[in-house]
Amino acid sequence: MYALVDCNNFYVSCERVFAPRLEGRPVVVLSNNDGCLISRSDEAKALGFAMGEPFHLARPLLAQHGVQVFSSNYGLYGDMSRRVVQVLSGFAAGVEVYSIDEAFLDFGGMHLLAPDLLAYGAKVKARVRRQTGIPTCVGIAPTKTLAKLANRLARRQCGSGVVLLDTAARWQAALAQAPVESIWGVGRRYARKLQEMNITTGAALAALPEAWLRRHLGGVVGQRLWRELHGQPCLDWNPAEWDDDGEPLPASGAARHSATCTRSFGRPQHEPAALAEAVATFAAKAAEKLRRHGLGAHLVTVILGTDKYAATGGPSTHTAVVSLPAATADTACLTQAALQGLARLRQPGMAYHRAGVLLSGLERPGAVQLGLFETVAAPAPQREQLMATLDQLNRRFGKTVVRLAAAGASRQSPTWAGRAAHRSPLYTTSWEGLWQLR
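These figures come from a predicted structure and were not determined experimentally.

Description of the environment of W212
Then comes step 1: You can see W212 is positioned in helix α10 (residues 210-216).
Then comes step 2: A relative accessible area of 12% means that W212 is categorised as buried.
Then comes step 3: Once the C-alpha coordinates of W212 and W226 are considered, the two residues, 14 residues apart in sequence, prove to be 9.5 Å apart.
Then comes step 4: Those residues within four positions of W212 in sequence are excluded, and the remaining contacts are L194, M197, I199 and L217.

Observations concerning empty space enclosed by the protein
Then comes step 1: Across all of its chains, the model carries 1 cavity of 30 Å³ or more by this definition.
Then comes step 2: As a volume, the largest cavity reaches approximately 40 Å³.
Then comes step 3: In this structure, the largest cavity is lined by V5, C7, S81, V84, V85, L88, S99, I100, D101, E102 and A103.
Then comes step 4: Counting only elements with at least two residues in the lining of the largest cavity, the list comes to β1 (2-7), α4 (74-88) and β6 (102-106).
Then comes step 5: Tallying contributions element by element places α4 first for the lining of the largest cavity, with 4 residues.
Then comes step 6: Here the residues of the lining of the largest cavity are counted per class, giving 7 nonpolar, 2 polar and 2 charged.

A short note on the sheet that holds strand β11 (residues 259-269)
In sheet architecture, strand pairing relies on hydrogen bonds along the backbone and comes in two forms, parallel and antiparallel.
Then comes step 1: The 4 strands lie next to each other as β11-β14-β12-β13, forming an open sheet whose pairing is antiparallel. Two strands bound the open sheet, and with one partner strand each, they are β11 and β13 (317-328). Direction aside, the axes of adjacent strands within the sheet are offset by 15 degrees on average.
Then comes step 2: Direction of pairing for strand β12 (residues 296-305) relative to β13: antiparallel, over a ladder of 8 bridges. Of the residues in β13, the one forming a bridge with I303 is T319.

Cut-offs and rules
Residues numbered from 1 in each chain as written. Predicted model: local features only at pLDDT ≥ 70, side-chain atom pairs only at ≥ 80, totals over all residues. Heavy atoms only, no water. Helix = DSSP H or I, 4+ residues; strand = E, 2+ residues; numbered from the N terminus. Buried < 20%, exposed > 50% of the residue type's maximum accessible area, 1.4 Å probe, protein only. Contact = heavy atoms within 4.5 Å. 1 Å grid on protein atoms, 1.4 Å probe; cavity = no way out; pocket = protein on both sides within 12 Å on 5 of 7 lines; lining within 4 Å. Points joined across faces, edges and corners; volume = space filled by probe spheres on them. Nonpolar A, V, L, I, M, F, W, Y, C, P; charged D, E, K, R; others polar. Pairing = 2+ DSSP bridges. Axes fitted to C-alpha atoms, helices over the stretch in contact; angles between N-to-C directions.

Set out below in C-alpha cells:
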C-alpha cells in the first residue's frame, strides 16, 4: 500500500502559516519576476483566477476583489517542504519526495501496526497540520497511480481529506468518476487519442485488454499503467535520501541528469559586469545542487535570452557549451567555465532578459569517463574540504553568506535581480526574517 500526501495550494499555505489573518481570504502567489499566477487559494479560484494567468492582466481584478498578492519566496517554500517531509518520515518506513508539495509513503505491512488505514491517514494529516501549519490531503491505495487518484478525490470531496481505495470495488468506483485525462500517466496527446476513441473515463481505460494498452500507449509504459490501475504496483520506488544534518534530499541522485539555475532579470541587462555576476551566481547554485547529490559535471552550458517578443526574426535563446577535462562539483571550476562560456556568447550592446547555467554530463566520484590517451589528476582533498565547509557555513548562517567574489561582493539586491515587489520575509531561514510578535 502507498499513501500520497499532497499539500493544499502549497505556496499559498506557506504564506498563510505566517499570516493567519489570510485564512478564508483570496490569496495568490506569483512566479519568478512577478510574471504570472502559480498558486491560488480556493477563494481565489472561486473568483475565476486561472493558473498561469499573467499578473499584469489580472492586476485590476485582483485589486477589485481585495486579493492578497505575494511574490514567490522559494527559500521559505523549500524549507517548509523539508519540515513536512520530516514529519512524514515518522509515519512510514520509506518516504519518496515526488515534488516540493507531494510525497509518497510506503505503507507496506502498515495494516499490522495500524489496522484502520483511514484513521492512520487522518492522523498523518493532523500531525502535519499541527507541526507545520500546512493543510494536506491523503490518498491511500495499493499502487502509486491509484494513490494519486485517491488523493485527487480527497482534494475534491468535503470531509476528512483522506480517501482509502483498498479494494477492487472501491478503486473501480473511483475510476468511473475520473476523466481519462486525469489519470496519472496519461499525457495530453494520449488523452486526446483516447477521447477520440470514446474512452473517456479511467474505468473505461482499465477495462481494455492489457495488450491493447501496450500496443497503443507506449509499449511497456502502457502495460505498467494497466497493471497499476488493477492494483499491481509497477512503478519504481525512490526513497528520499538524507544528508549528514538529517535534511531530506530529493530522490536518488542516480536519476538526475542535470542541474540547472535560470532566472529572468528584473530589467534588461547590457553591462558585462552585471551579466558576469548573474552567471557566476547561477553557476554556484547549480554546483551546490550537484554536491547535495554527490555528483560532478563535465559539461557547462551558459544560457542567455533576449526579448522573445522582439521582431528580430532570430532565436531569442542563445547557448554556449564548455567541456571540462573531468567531472567536478567545485564552484570555482564551474564558475570559471561558465564565465568562459559567457565571454563567447555575449554580444556587445545586446540587451539580455534572462540567463542561466546548466550542468550536465553528470558522474559519480571515481567514475570518470576518459579518452584512450587521457589522464586526469586526482581531485585535491583540500578543494573537496573547502566546498564542504562552504556548504556548511551557508546552511548554518544563510545562503550566499560565503561566496565567490565573482558572484558579487554586496549583500544588497543586485541590479539584475528579478522583480519581487510582494515577497514575504524568509521567516524560517534568515535571522532578519524571523517572525516578530508584538
